[in-house]
Number of protein chains: 2
Amino acid sequence: MTVLEAKEKLMKLQSRLSAYNHAQELMFYDEATIAPEKTDENRAHALSVLSEESYIISTGPETVELLEFLDAHKEELDQKERRMVFLMLKEIRRMQAIPMDEYVAFQELLGTAYGLWRGCKVNNDFEGFRPTLEKIFETNIKFAKYCAPEMHPYDYWLNEFEEGLTMEKCDEFFGSLKARLIPLIKKIGEAPQVDDSCLKGNFPEEKQAELSDYLMRLMQVDLGHCNLMTTEHPFTTAIGSHKDVRITTHYMQEDFSSSMFSVVHESGHALYDMASEDDLAYTVLDGGVSMGIHESQSRFYENIIGRSRSFIKFIYPKVKELFPEAMEGVDAEGLYKAVNKVEPSLIRTEADEVTYCLHVMVRYELEKKVMSGEMTVAELPTAWNALYKEYLGVDVPDDRHGVLQDSHWSGGTIGYFPSYALGSAYGAEFIKKMKEDVDVDGALAEGNFAPLNEWNKEHIWKFGHLYTPQEVLDRVLGKPFNPEAYIEYLEKKYTDIYFG
Amino acid sequence: MTVLEAKEKLMKLQSRLSAYNHAQELMFYDEATIAPEKTDENRAHALSVLSEESYIISTGPETVELLEFLDAHKEELDQKERRMVFLMLKEIRRMQAIPMDEYVAFQELLGTAYGLWRGCKVNNDFEGFRPTLEKIFETNIKFAKYCAPEMHPYDYWLNEFEEGLTMEKCDEFFGSLKARLIPLIKKIGEAPQVDDSCLKGNFPEEKQAELSDYLMRLMQVDLGHCNLMTTEHPFTTAIGSHKDVRITTHYMQEDFSSSMFSVVHESGHALYDMASEDDLAYTVLDGGVSMGIHESQSRFYENIIGRSRSFIKFIYPKVKELFPEAMEGVDAEGLYKAVNKVEPSLIRTEADEVTYCLHVMVRYELEKKVMSGEMTVAELPTAWNALYKEYLGVDVPDDRHGVLQDSHWSGGTIGYFPSYALGSAYGAEFIKKMKEDVDVDGALAEGNFAPLNEWNKEHIWKFGHLYTPQEVLDRVLGKPFNPEAYIEYLEKKYTDIYFG
């Protein structure tokens, strides 16, 4: 085999595997959007077969031989090929460590877990979901130990979602936030509250859908390759490659701002996912770097842009046109304050920008304890409610509004949540850099997302998964990441709103 | 390898292949329902990879060896296993007979043919489609000769879609229909026309959707395993197995009966598809026998049941509740007559029950001539228009409303159309047998589909693809199939409506 032949085989291999991913992603998407309710078992069958097939392809002797051959000829590979080989070998090492029957059994479990969670959430039935959740935590611990016996299982998963992240770093990061945000929240709590009654009312779904469409077009999301559906929990998924990306939202009849900011958030993910360079399609470099960098983009659009004075001023006429009753007597500044109201609450996805990280911190601390064996899954609801009381001062009335609110665990994902907080903090560093090159407020005043998107594309998006999160941060910032910029951003913005 | 081991491998093999089918069916369904518009290229990539993978699995040397081993030990197989081996080997023999490069070239041709046809139909441009259609007919003749050199090519394809069907049988069947239906249509044309203005108006989609939901529930379609979406053309597809079936409809704002009967038709397909015995799931026996038997069920529910006096009488109050303006002054008998209006027309999919078979006959006679070399593709438009004039008495204004109306040929499918007519005729025999056991009109008077569905399930549905179409007919009828029952049914029903 020549290196040239091996390179061709490498591309062919990734192309094959991406088709399996396409199928599996589409099945999950179908389940969350339009599939009949009782089709989980049937889907689980197909998922288990296809995940076994793709497991065999991606870890089989021919593949291992190919990748090791290419790894031994690193110097003849270009940067992209080197990264592909590195990522695929890393994945193989992980896969080799996990016994195949356990891997397949876990995929089968996940095939039904989401549907089960959805039903249990509706029925406020934590006990119904508990056995499955226990298996998910147990399996995550077991798999982590297979893959990296020397690591704490939670460190293993934190690093999987955000290369380089550890509990130590999280403790430090959340420690800084806690020290400054809890006092800020307290101070805000003592100030006169802003009036957000303009967001409440009775907002027909078709009007909200019109707003969704308006926002996606405004943000220049390519609607030929991306669309919007409704699901219980909003999300973004790429189907097979960056050429087909789906986002979802959830309409709340009584509050239009809930879906409005979901759509902006998921559109941020979608813009990123869709902007990989074309030659990355059907390779492991297609899409985003990490969950943290991905959330830095979605929360950048949702909050730093979407909840900025300039953006709100621009969309205000459209909002008023769609919801004239609610906006009666409210000007753009009133809407700006309303969407930035700070108020400790129960639901993470509806939390304001300041309290948001505390929601994440609750999940981080609980995951850490269960993954460390210091807490059982059965104890989660009580512990959840206690931390919400401690950090946010709120009483959780039931598990539906508590421990059952998020879908992540039902997807088998433990260790993902910290990325949301980290991503938010990255975003505050990014906007400072962006403003060195781009007149962000000037562009938003004209409703022109092109320079913002272009900057993100050139600095972050187009590279897909070519760099590590740390490399992306280094390349963009030119200095080590520091949460200080984020804390300052929050302090400045919300002092202006509440005490300006 | 012991026979027992081989049997286990046979089940495993089918289970694997069904997962690939699941993925591919879901991709087609997604494309037709909710996928963003410009995602074809991305989907084509995944489809081509997965179809190649499943082709390799289903025709690879290990599979051939397994099936030949089992075929050599037929006497140790049960009935289901024997049929599985027979069907899978038959498919392999066909694949082996066609040179791979010619097969691939044909698939490539078909990759563009549908889009070309759609464009040519819109532009009324038969000449633009002609070269492609010529290749499609030529290739069908060539492939038939590879697979069964001893057979007439058209007989080969008729038998592919309806095992046991031949031109001789078709000639006899269509000959009987022609002799009796053309005079009937002529006679009806001279009688006072029924008034169907109650079906026309402005019917909001949400009201029509409510009717769809009502009809599916009334027909006892299991909504946990089946749902309804909207598409350009209505269809039914099983996703992976009988445990997940999707139907679609198309709402016409100006005529609620169009979607109403689509929903009943597709629900007929779905009831059949969903009723295979559980142990047939993930095998080649899951689902239906043939296109003819499948259409016998869908058209049974659509016409023999759905357009019956008892059924219309039962649903009349619901229709009146949903569309009070249109139903003003129209009683159940008026609605019954309206949905049974006979009127020769240009388009097969909109044809009434009596003229429908003549539309099919035109296609059968033309396909037969071209496949026999007695007519060129270039002569099709003129011949089409002449037969429409002769059989239906209508003048075809252009090819868009004539020879270019159906998509089947552009999909490479020659010999499929007769199944539609045969299926309709089977249904008339089935209802006679059913009435020996079930008080059909009594059940419909109470809106109770259970005894009808149960009878179909016991006699036809639960066996999936275990029997040939001929065996199904023999088992149900206990005598050779005869189109007389169908002709009598039409004569009696429509004489009553027009001259009663």
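Scoring rules and cut-offs
- Residues numbered from 1 in each chain as written.
- Chains lettered and ligands numbered in written order.
- Predicted model: local features only at pLDDT ≥ 70, side-chain atom pairs only at ≥ 80, totals over all residues.
- Heavy atoms only, no water.
- Helix = DSSP H or I, 4+ residues; strand = E, 2+ residues; numbered from the N terminus.
- Rg over C-alpha atoms; globule rule 2.2 N^0.38 Å.
- Buried < 20%, exposed > 50% of the residue type's maximum accessible area, 1.4 Å probe, protein only.
- Core = buried A, V, L, I, M, F, W, Y, C linked by side-chain atoms within 4.5 Å.
- Contact = heavy atoms within 4.5 Å.
- Pairing = 2+ DSSP bridges.
- Axes fitted to C-alpha atoms, helices over the stretch in contact; angles between N-to-C directions.
- Least-squares fit on C-alpha atoms with pLDDT ≥ 70 in both.
- Salt bridge = Lys/Arg side-chain N within 4 Å of Asp/Glu carboxyl O.
- Patch = residues over 30% accessible without salt bridge, like charges linked within 9 Å, V, L, I, M, F, W, Y side chains within 5 Å.
- Areas by Shrake-Rupley, 256 points an atom, 1.4 Å probe, with all protein chains shown as cover.
- Lys, Arg positive; Asp, Glu negative; His and termini not counted.
- Charge placed at Lys NZ, Arg CZ, Asp CG, Glu CD.
- Expected span 1.5 Å × (residues − 1).
- Polar contact = N/O pair within 3.5 Å; in protein donor to acceptor, adjacent residues only side chain to side chain.

## Structural notes on the overall build of chain A
Broken down by element type, chain A carries 21 helices and three strands. Here chain A has a C-alpha radius of gyration of 23 Å; the compact-globule value for 500 residues is 23 Å, and the two agree. With the C-alpha coordinates aligned to their principal axes, the bounding extent of chain A is approximately 75 × 50 × 45 Å. Burial statistics for chain A: of 500 residues in total, 61% are counted as buried.

## Overview of the nonpolar core
Core analysis: the largest hydrophobic core is formed by 350 residues, its most contacted members being Phe256, Leu335 and Leu380 of chain A together with Phe256, Leu335 and Leu380 of chain B. Residue contacts for Leu335 of chain B: discarding those within four places in its chain leaves Cys198, Leu199, Phe256, Ile312, Tyr316, Val319, Met327 and Val330 of chain B.

## A look at the sheet that holds strand 3 (residues 245-249) of chain A
Residues and elements named next belong to chain A. The strand order across the open sheet built from three strands is 1-3-2, with neighbouring strands paired in mixed fashion. What marks the edges here is a single partner per strand, and that holds for strand 1 (226-230) and strand 2 (236-238). Going from strand to strand, the sheet's axes swing by 25° on average, the running direction of each strand aside. Of the strand pairs in this sheet, strand 2 and strand 3 are connected by three bridges, and their pairing is antiparallel. Bridged to Ala238 within strand 3 is Val245.

## Brief notes about the relation of the copies chain A and chain B
Rotating chain A by 173° and translating it 0.7 Å along the rotation axis places it on chain B, where the RMSD comes to 1.5 Å. The share of interface residues of chain A whose copies in chain B are also at the interface is 98%, consistent with both copies meeting through the same surface.

## Re unusual backbone geometry
Negative phi characterises most residues that are not glycine, and trans characterises most peptide bonds. A positive phi angle, close to 65°, is found at Gln220 of chain A, a residue other than glycine. Tracing the sequence through the fold places Gln220 of chain A in the loop between helix 9 (205-218) and strand 1. Residue Gln220 of chain A is classed as partly exposed on the basis of its relative accessible area of 42%. For Tyr282 of chain B, which is not glycine, the phi dihedral falls at a positive 65°. Inspection of the secondary structure puts Tyr282 of chain B in the loop between helix 10 (256-274) and helix 11 (291-305). We classify Tyr282 of chain B as buried; its relative accessible area is 13%.

## Quick look at the pattern of salt bridges
Under the definition given, this model contains 84 salt bridges over all chains. Measuring nitrogen to oxygen at the nearest pair gives 3.9 Å for the salt bridge that ties Lys200 of chain A to Asp196 of chain A. What makes Lys200 of chain A partly exposed here is its relative accessible area of 42%. Through salt bridges with shared partners, a single network forms among Asp30, Glu31, Asp40 and Arg43 of chain A together with Asp244 and Arg246 of chain B.

## Digging into the sheet that holds strand 3 (residues 245-249) of chain B
Residues and elements named next belong to chain B. Within the open sheet, the three strands sit side by side as 1-3-2. Their pairing is mixed. Where the open sheet ends on each side, the last strands, each with one partner, are strand 1 (226-230) and strand 2 (236-238). In this sheet, neighbouring strand axes are inclined to one another by 25° on average, regardless of whether the strands run parallel or antiparallel. Taken strand by strand, helix 1 (residues 3-33) contacts strand 1, strand 2 and strand 3, and its axis lies near 40° from that of strand 1.

## Describing a negative patch on the surface
A contiguous patch of negative charge, built from Glu205 and Glu206 of chain A together with Glu205 and Glu206 of chain B, is present on the exposed surface. Elements with a contribution of two residues or more to the negative patch: helix 9 of chain A together with helix 9 (205-218) of chain B. When you line up the elements, Glu206 of chain B lands in helix 9. Glu206 of chain B gets classed as exposed once you look at its relative accessible area, which sits at 58%.

## Things to note about the side chain of Thr59 of chain B
Residues and elements named next belong to chain B. Tracing the sequence through the fold places Thr59 in helix 2 (residues 40-59). Residue Thr59 is classed as buried on the basis of its relative accessible area, which comes to 19%. The contacts of Thr59, once residues within four sequence positions are left out, are Val64, Ile92 and Met95.

## Things to note about helix 4 (residues 79-97) of chain A
For helix 4 of chain A, built from 19 residues, the straight-helix expectation of 27 Å at 1.5 Å per residue is met to within 8% by its first-to-last C-alpha distance of 27 Å. For helix 4 of chain A, the elements touching its buried residues are helix 1 (3-33), helix 2 (40-59), helix 3 (61-72), helix 5 (100-122), helix 6 (126-147) and helix 7 (153-161) of chain A.

## Side note on the interface of chain A and chain B
One frequent convention defines the size of an interface as the accessible area lost when the parts assemble. Between chain A and chain B, the contact holds 42 residues from the first and 42 residues from the second. Where chain A packs against chain B, one counts six salt bridges. Across the pair Glu41 of chain B and Lys243 of chain A runs a salt bridge whose closest N-O atoms are separated by 3.0 Å. Applying the counting criterion to the chain A and chain B interface returns 24 residue pairs in polar contact (both at pLDDT 80 or more). Mapped onto the side of chain A that touches chain B, the elements with two or more residues apiece are helix 1, helix 2, strand 1 and strand 3 of chain A.

## Focus on the side chain of Thr236 of chain A
Residue and element names in this part refer to chain A. Here Thr236 lies in strand 2. A polar contact is formed between the side chain of Thr236 and the side chain of Glu266, at a distance of 2.7 Å. Residue contacts for Thr236: discarding those within four places in its chain leaves Val245, Arg246, Ile247, Glu266, His269, Ala270 and Asp273.

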